[in-house]
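# Observations on the three-dimensional arrangement
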Amino acid sequence: MAAGQTASSKITADLVIVGGGVMGLWAAYHAEKAGIETLLVDAGMPGQGASNGLVGVLMAYMPDLWDEKKRFQFDALLRLEGDLARLSAETGVETSYRRSGRIMPINSERQRNTALARQQEARINWKAGDRQFRFDVLEDTPVVGWPAARTDRFGYIFDDLAAHVFPRDVVAALLAFLAGARHVRIMPGIRVSAIDAAGHAIRLNDGGTIGFGSVIIAAGTGAFPLMQPHLAPEGRSLGRGVKGQAALMAADLDPALPILYDEGLYVVAHSGGRVAIGSTSEDRFDDPSSTDMQLEALIAAARLIVPQLAEAPVVERWAGLRPRAIARDPVVGALPGLDHVIALAGGFKTSFGLAHVLAEYAVLAATGNVSVALPLKFHPQIHHNWAMKK
């Protein structure tokens, strides 16, 4: 269906995925693999919104205070390397994945003491089979000049678990896979106004409907109002958009360089002479898509911490909304009492590291064949409970 064309109730599918960000695209990927007749509808063009960002860091939670959520994310990050390699082999599209590690300067004695404790915990918790990942406290940066030397540092943390992708490359690979799909059809330009759970239909802004056997709600910040009538009392929000700003600079840096993270600043050397700078986290803003002096401050900080960027031109400035659920964690799974309505939302800053696994779970839930467990904090009932407290 072309953008702007009216849908009708004659259009039906075993599975409808609402939203074509990285979550929805991975769900469509798994639905195609499973042979499920699927429609993916998106208000614009798939792969836009927050999934069209620049930074793409894939970092594990800290290794202390270990729990099921941290273990789940750790396992998902390890699995992602193989899943993206398979996707690239299937499509011939490079996802720019690099397990480059991460360097974090230590800026106080308190931070150093915390890091030393975490170093010990990593030796226990950051293990997978015979693989032991590092979280080391060092006196000097392991890469000379990355970042620039300063006498007021209390050391550096280096971990070799962190990785990065260029988000747009991952999206391009998923779209390339779906372009040849036999069971998945993409319908851009379709705006959804409501989920009619009883009628097994999504209602559209133009008055039309699309019928479904099951539906996965993966519409980014737009997922929260679609879930609200089924999961929270009227007037209670299930989440919000948090604005992020980032920039892309042109500099011929090795993409194998570790991610730099220093006091809210990320510097990521991507392939193809692209260096990403990010990112802000704003709850208050006037325009979700505009950039301002908050981003300019990050760019200036990056030029100081990385001398190689001192004269590098900024080739793109970006801003967008990332979906943060009310309980912060993703909300994934069948809504209470509605086995055919599946949430896949609220990834916030973790979407690219978890989407491949959460989407697989959502597709299995839509078919009633769930065989793996999610962390309890992800379940829709938990987010319902949070909404009831507000």
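Residues numbered from 1 in each chain as written. Predicted model: local features only at pLDDT ≥ 70, side-chain atom pairs only at ≥ 80, totals over all residues. Heavy atoms only, no water.

### Some words on the overall build of the protein chain
If you tally the helices and strands in the protein chain, you get 8 helices and 20 strands. For 390 residues, the compact-globule estimate of 2.2 N^0.38 gives 21 Å, and the protein chain sits close to it at 21 Å. For the protein chain, the spread of C-alpha atoms along the principal axes amounts to about 70 × 45 × 40 Å. Evaluated residue by residue, the protein chain yields a buried proportion of 55% over its 390 residues. A sequence separation of at least 24 residues applies to 73% of the contacts in the protein chain between residues at least 6 apart. Surface accessibility of the protein chain: about 16,300 Å² in total, with carbon and sulfur atoms responsible for 51%. Side-chain charges of the protein chain comprise 38 positive and 40 negative groups, with the mean position of each set lying 3 Å from the other. (Helix = DSSP H or I, 4+ residues; strand = E, 2+ residues; numbered from the N terminus. Rg over C-alpha atoms; globule rule 2.2 N^0.38 Å. Buried < 20%, exposed > 50% of the residue type's maximum accessible area, 1.4 Å probe, protein only. Contact = heavy atoms within 4.5 Å. Areas by Shrake-Rupley, 256 points an atom, 1.4 Å probe, with all protein chains shown as cover. Lys, Arg positive; Asp, Glu negative; His and termini not counted. Charge placed at Lys NZ, Arg CZ, Asp CG, Glu CD.)

### Here we look at the packing of helix H1 (residues 22-34) against helix H4 (residues 167-179)
Taken N-terminus to C-terminus, the directions of H1 and H4 make an angle of 35°; their axes are 10 Å apart at the nearest point. Between H1 and H4 the crossing geometry is left-handed. Contacts between H1 and H4 involve Val22, Leu25, Trp26, Ala28, Tyr29, Glu32 and Lys33 from the former and Val171, Leu174, Leu175, Phe177 and Leu178 from the latter. Class assignment of the residues belonging to the contact of H1 with H4 gives a composition of 10 nonpolar, no polar and 2 charged. (Axes fitted to C-alpha atoms, helices over the stretch in contact; angles between N-to-C directions. Left-handed = near helix turned anticlockwise from the far one by under 90°. Nonpolar A, V, L, I, M, F, W, Y, C, P; charged D, E, K, R; others polar.)

### Describing the nonpolar core
One finds Trp26, Ile216, Leu344 and Leu358 to be the most contacted residues of the largest nonpolar core, which totals 62 residues. For Leu358, the residues in contact, after removing those within four places along its chain, are Met23, Phe72, Pro330, Val332, Leu344, Leu374 and Phe378. Core analysis: the second largest hydrophobic core is formed by 33 residues, Val16, Val41, Met187 and Ile217 among them. (Core = buried A, V, L, I, M, F, W, Y, C linked by side-chain atoms within 4.5 Å.)

### Focus on the pairing of strand S12 (residues 201-204)
Both strand S11 (residues 192-196) and S12 contribute to a ladder of 4 bridges, which runs antiparallel. Its bridge partner being in S12, Val192 is matched across the sheet by Leu204. The hairpin turn running from S11 into S12, its antiparallel successor, is 4 residues long, and His200 in that turn takes a positive phi close to 50°. Here 3 bridges tie S12 to strand S13 (residues 209-217), and the two strands are oriented antiparallel to one another. Across the sheet, Ile202 pairs through a bridge with Ile210, a residue of S13. Here S12 folds back onto S13 in antiparallel fashion, the turn holding 4 residues, of which Gly207 has a positive phi close to 95°. (Pairing = 2+ DSSP bridges.)

### As for the sheet that holds strand S16 (residues 265-270)
Read from one edge to the other, the open sheet built from 8 strands follows the order S7-S8-S4-S15-S16-S17-S14-S18, with strand pairing classed as mixed. A single partner strand is all that each edge strand has here, and the edge strands are strand S7 (135-138) and strand S18 (314-325). Here the average twist between neighbouring strands, direction ignored, is 20°. Packed on one face of the sheet, helix H3 (residues 109-125) meets strand S4 (102-105), S7 and strand S8 (156-159) and runs near 145° to S7.

### Let's talk about the pairing of strand S19 (residues 331-335)
In terms of burial, S19 is largely enclosed, as 4 of its 5 residues are buried. Across 5 bridges, the pairing between S19 and strand S20 (residues 338-345) is antiparallel. Note on S20: the bridge partner recorded for Val331 is Ala345.

### Let's talk about the pattern of salt bridges
This structure, assessed with the given rule, holds 20 salt bridges. Where Lys69 meets Asp329, a salt bridge forms, and the shortest distance between an N and an O atom there is 2.8 Å. In this pair, Lys69 sits in helix H2 (residues 68-91) while Asp329 sits in the loop between S18 and S19, placing the two residues 260 residues apart along the sequence. Overall, the relative accessible area of 15% leaves Lys69 in the buried class. The exposure class assigned to Asp329 is buried, which follows from its relative accessible area of 7%. In this structure, the salt-bridge partner of Glu296 is Arg317, at a minimum N-O distance of 2.7 Å. In this pair, Glu296 is assigned in helix H6 (residues 293-305) and Arg317 in strand S18, connecting sequence segments 21 residues apart. (Salt bridge = Lys/Arg side-chain N within 4 Å of Asp/Glu carboxyl O.)

### Some words on the packing of aromatic side chains
Throughout the structure, instances matching the rule amount to 7 aromatic pairs. Between the aromatic rings of Tyr29 and Phe177, the centroid separation amounts to 4.5 Å while the plane-to-plane angle is 50°, which identifies the pairing as tilted. One end of the pair, Tyr29, is in helix H1; the other, Phe177, is in helix H4, with 148 residues separating them in the sequence. The class for Tyr29 is buried, based on a relative accessible area of 5%. Feature note: the residues Trp26, Tyr29 and Phe177 constitute an aromatic cluster, connected by ring pairs. If you follow Lys389 out to its NZ or CZ, it ends over the ring of Trp386, 5.3 Å from the centre. (Phe/Tyr/Trp six-rings, centres within 6.5 Å; stacked < 30°, edge-to-face > 60°. Lys NZ or Arg CZ within 6 Å of the ring centre and 35° of its normal.)

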